[in-house]
Amino acid sequence: TDYDDCWLQYDAVEDPAIRSSYRTRCTHVFASTEGPELGVARDELRTGLGGLLGRDPHLWMHPPRSVDGFLAVGRRERMAVVRAAVDAEEIDALHEEGYIVRSVEWEGKDCIVVTAATDKGMLYGVYHLLRRMAARRPLADVDIVEEPKTEERLVNHWDNPFRASVERGYAGTSIFDWEQLPDLRERYRDYARLLASVGINGIVLNNVNTQKPDRPGANPAVAEMEGWQLLRERNLPKVAAIASVFRRHGIRTYLSVNYAAPILAGDLDTADPLDDDVARWWAEKADEVYDHVSDFGGFLVKADSEGQPGPYDYDRNHAEGANLLGRALEPHGGRVYWRAFVYASHKDRSVQAYDTFEPLDGEFLDNVTVQIKNGPIDFQPREPISSLFGSMPETSVACELQITQEYTGQGVHACYHVPLWKETLDTDTYADGEGTPVKDLLSRREGRGLAGVGNVGEDPNWTGHYLAQSNLYGYGRLAWNPDLDAETITDEWVRQTFGNDPDVVEAVSDILHDSWPAVLDYTTGHLGLMHMMYNQDDVLENHYNPSPGEWPGYHGASEDGIGVDRSEYAEQFHSPLSERYASVEDCPDELLLFFHHLPWDHELDDGTTVVQRLYDNCFEGVEEVRSMRDRWAELDDRVDTARHRHVAERFDEQLAHAKHWRDTMVAYFYDHAGIPDAHGRVPRDD
Ligand code: BDP
């Protein structure tokens, strides 16, 4: 193909001992052929083993004879070799998406068994095996029993159908060609492979902004291009075609819908959730969708937010709003993802979600999930967790993360989000006393899990920046198991993507782990400031360049100090988080100016003043980028030329842009504080 394989590179094993051990066990493959997911598994084994072993594997319909060993993929009840390796009780106890990968000696042969209770489980097991081989880990005594820790692991793709674009997509145009659909492109399959390989089990195809009233192109002449059009009968075969590809990879398809769809796509004059005609319209629409896509996942809704219609238009609350759709989907086993990102009356947006949703806890139907962004503002480089986590015990909740780098350098800067997400997931909400981290609220219950706003586009490297592939990979792995630590995920990704040269693994891992702190330093000064970036809409660079003067309400800079007093937000947390955030002394530095407005010369723990720390961090951020760039440069003979050059150029651009950020930020701070930098860097002489 003319696009990259990302982490499914399958480079040939060079070490003779490892290669021979792999060849003994995996040259011959006895794999079930039933079920579509097993077809995908066999294809992946053909490609993967072909690459890793340096020769095509032989696929058998029965256990191969006269060989030293083989790989068996199938159900226990169908294969004697699987029965020799796995007890019936083990399978019975296994989660339906779980799997077992185990070595066993069978009739004198060295075998590896991949088995599960479902075909999908076996597909995941095959990906696990290949991942392990890509990292050159031994197979001789392998014994893995794996189950996902979360049920719902979604990518929110944010495609703008018929516009060939992706909202907040920085990787070129859209891969979905809605004009040509239901004709399929090979790329859809490869996208599905990438997602399945990390355990993603749902995809919302289109953007949550299903209608863009205040954006360019939003006039009646282009209404044909609005996302809500996907619900029209004539477009459902297109959705069904995509769904057929994802289904084989264990992924259910969902759509974002417009709350006013009964008016827009139907002929009603209201979308009032308590109106019988409206309820009937949605029920019939759901029937129609399921006629085309029998395992359709459900609807995602952005309501009463940034110009999108919602229940508030009819003086109804968000439970009434969401349950209307829940009832329509319920007979088909579908689910509503209802976003908590509501914009309404509040002056400071941080308190809005809790005020809107917490009082409604217990009123949502079982098949409604409230989808909550990790933080209260909007995917900023760092935010405290949303106060809704741990405040809705009777409601299914999902955590929405941004894989795409909207506020963290877009397709140009390296910014590895896994440590950011880990921070959110590991934060203790104290909802049930100590030891109730966010990740536990998302685990092991139907309707709970993670939703990641995607970063894939038509670019040959899929994500705009080769290093940004790590964010898609890391998101999937964390969604599967939020307990994984960042280092493990990084190591897996680097080995599969750039190979096992220890120097490369170390250097790329270090670069990834240094990248978020660097971005935090030069884009925020690293004390918890929000929205320092350009916010003017309608331009591609929106949220990319510095523009601290634009929305001072979010960061509170004035002559007497900086930061915003968000004590009202702090109060929404359980104790002791609420007290910790409310106290200037106890609030962690990295969130200090999120919660407090402080004088510029307020002294931090180490004796530095606020303004001095901001200066220092902005300067430091640039040096961190320089050091990432230099480390990458040293890999020029270790990474293939095309990828090396691409990333090197991005680092040059990032360095120049980081300086621009630094200079803009420190000048802005100086203008308000009037206090020069202790090291003479601000104000500048020139
Ligand atoms: C903001 C994005 C905007 C999204 C919105 C959302 O700038 O494109 O539509 O969030 O999540 O971050 O709904």
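Everything below is about the structure shown above.
Residues numbered from 1 in each chain as written. Predicted model: local features only at pLDDT ≥ 70, side-chain atom pairs only at ≥ 80, totals over all residues. Heavy atoms only, no water.

Student: Mind laying out the layout of surface pockets, listing which residues take part and the relevant values?
Tutor: The space that makes up the second largest pocket amounts to roughly 480 Å³. In terms of lining, the second largest pocket is formed by 22 residues, of which the most central are Glu96, Lys120, Glu152, Asn201 and Arg252. Residue classes in the lining of the second largest pocket are distributed as two nonpolar, eight polar and 12 charged. The residues that make up the lining of the second largest pocket include at least three from each of domain 1 (16–146) and domain 2 (152–483). (1 Å grid on protein atoms, 1.4 Å probe; cavity = no way out; pocket = protein on both sides within 12 Å on 5 of 7 lines; lining within 4 Å. Points joined across faces, edges and corners; volume = space filled by probe spheres on them. Nonpolar A, V, L, I, M, F, W, Y, C, P; charged D, E, K, R; others polar. Domains from an automatic or database assignment.)

Student: I'd like to hear about a negative patch on the surface, residue by residue, with values.
Tutor: Where like charges cluster on the molecular surface, the negative patch consists of Glu233, Glu284, Asp287 and Asp291. Mapped onto the elements, Glu284 comes out in helix H9 (residues 276–292). Judged by its relative accessible area of 49%, Glu284 falls in the partly exposed class. (Patch = residues over 30% accessible without salt bridge, like charges linked within 9 Å, V, L, I, M, F, W, Y side chains within 5 Å. Areas by Shrake-Rupley, 256 points an atom, 1.4 Å probe, with all protein chains shown as cover. Salt bridge = Lys/Arg side-chain N within 4 Å of Asp/Glu carboxyl O. Lys, Arg positive; Asp, Glu negative; His and termini not counted. Charge placed at Lys NZ, Arg CZ, Asp CG, Glu CD. Helix = DSSP H or I, 4+ residues; strand = E, 2+ residues; numbered from the N terminus. Buried < 20%, exposed > 50% of the residue type's maximum accessible area, 1.4 Å probe, protein only.)

Student: Could you give an account of the nonpolar core, naming the residues involved and the relevant values?
Tutor: Judged by nonpolar contacts, the single largest core of 204 residues is most densely connected at Trp282, Leu467 and Phe669. Counting residues per element, this core draws most heavily on helix H16 (residues 502–524), at 11 residues. With near-sequence residues (within four places) excluded, Leu467 lies in contact with Ala414, Trp493, Phe498, Val508, Ile511, Leu512, Trp632, Val647 and Phe651. Counting 16 residues, the second-largest nonpolar core is a separate cluster that includes Phe70, Met79, Val81 and Ala85. (Core = buried A, V, L, I, M, F, W, Y, C linked by side-chain atoms within 4.5 Å. Contact = heavy atoms within 4.5 Å.)

Student: Account for the site of the ligand, naming residues and giving values.
Tutor: Around the ligand sit 14 residues, and of these Glu167, Lys302, Arg339, Asp378 and Glu406 come closest. For the ligand, an oxygen atom lies 2.8 Å from a polar atom in the side chain of Arg168. Residue composition of the shell around the ligand, by class: four nonpolar, two polar and eight charged. (Near = heavy atom within 4 Å. Polar contact = N/O pair within 3.5 Å; in protein donor to acceptor, adjacent residues only side chain to side chain.)

Student: Please provide a residue-by-residue account of the packing of aromatic side chains, values included.
Tutor: The geometry of two aromatic rings is summed up by the distance between their centres and the angle between their planes. Summed over the entire model, instances satisfying the criterion amount to 32 aromatic pairs. Residues Tyr254 and Tyr337 carry aromatic rings whose centres are separated by 5.8 Å and whose planes lie at 75° to one another, so their mutual orientation is edge-to-face. Taken together, the residues span a long stretch of sequence, with Tyr254 in strand E10 (residues 252–257) and Tyr337 in strand E12 (residues 335–339) at a distance of 83 residues. The two residues Tyr254 and Tyr337 agree in class, both being buried. For the pair Trp551 and Tyr554, a centre-to-centre distance of 5.3 Å together with 40° between the ring planes defines the contact as tilted. (Phe/Tyr/Trp six-rings, centres within 6.5 Å; stacked < 30°, edge-to-face > 60°.)

Student: Go over the sheet that holds strand E6 (residues 143–146) with me, naming the residues and quoting the values.
Tutor: Here six strands make up an open sheet; going across it, the order is E2-E1-E3-E5-E4-E6 and the pairing mixed. Both outer strands of the open sheet, strand E2 (58–60) and E6, are each paired with one neighbouring strand and no more. Across the sheet, the mean angle from the axis of one strand to that of its neighbour is 20°, orientation sign disregarded. Sheet analysis places strand E3 (residues 69–73) next to strand E5 (residues 109–115), joined by five bridges and oriented parallel. Paired with Ala72 across the two strands is Val113, which belongs to E5. (Pairing = 2+ DSSP bridges. Axes fitted to C-alpha atoms, helices over the stretch in contact; angles between N-to-C directions.)

Student: Go over empty space enclosed by the protein, please, and point to the residues and values.
Tutor: Inspection of every chain in the model, using the stated rule, returns 10 cavities of 30 Å³ or more. Taken as a whole, the largest cavity holds about 130 Å³ of empty space. In terms of lining, the largest cavity is formed by 14 residues, of which the most central are Ala340, Phe341, Ala353, Gly375 and Pro376. Those elements that place two or more of their residues in the lining of the largest cavity are helix H11 (352–357) and strand E13 (368–373). Of the residues belonging to the lining of the largest cavity, the class tally is seven nonpolar, five polar and two charged.

Student: Could you give me a rundown of the pairing of E10, with the residues and numbers involved?
Tutor: Counted residue by residue, E10 has five buried out of six residues, so it is predominantly covered. Here strand E9 (residues 202–206) pairs with E10 via three bridges, running parallel. Within E10, the residue paired with Gly202 across the bridge is Arg252. Note: E10 against strand E11 (residues 298–301), four bridges, orientation parallel. Residue pairing for E11: Ser256 is matched across the bridge by Leu300.

Geometric values such as these leave the question of function open.
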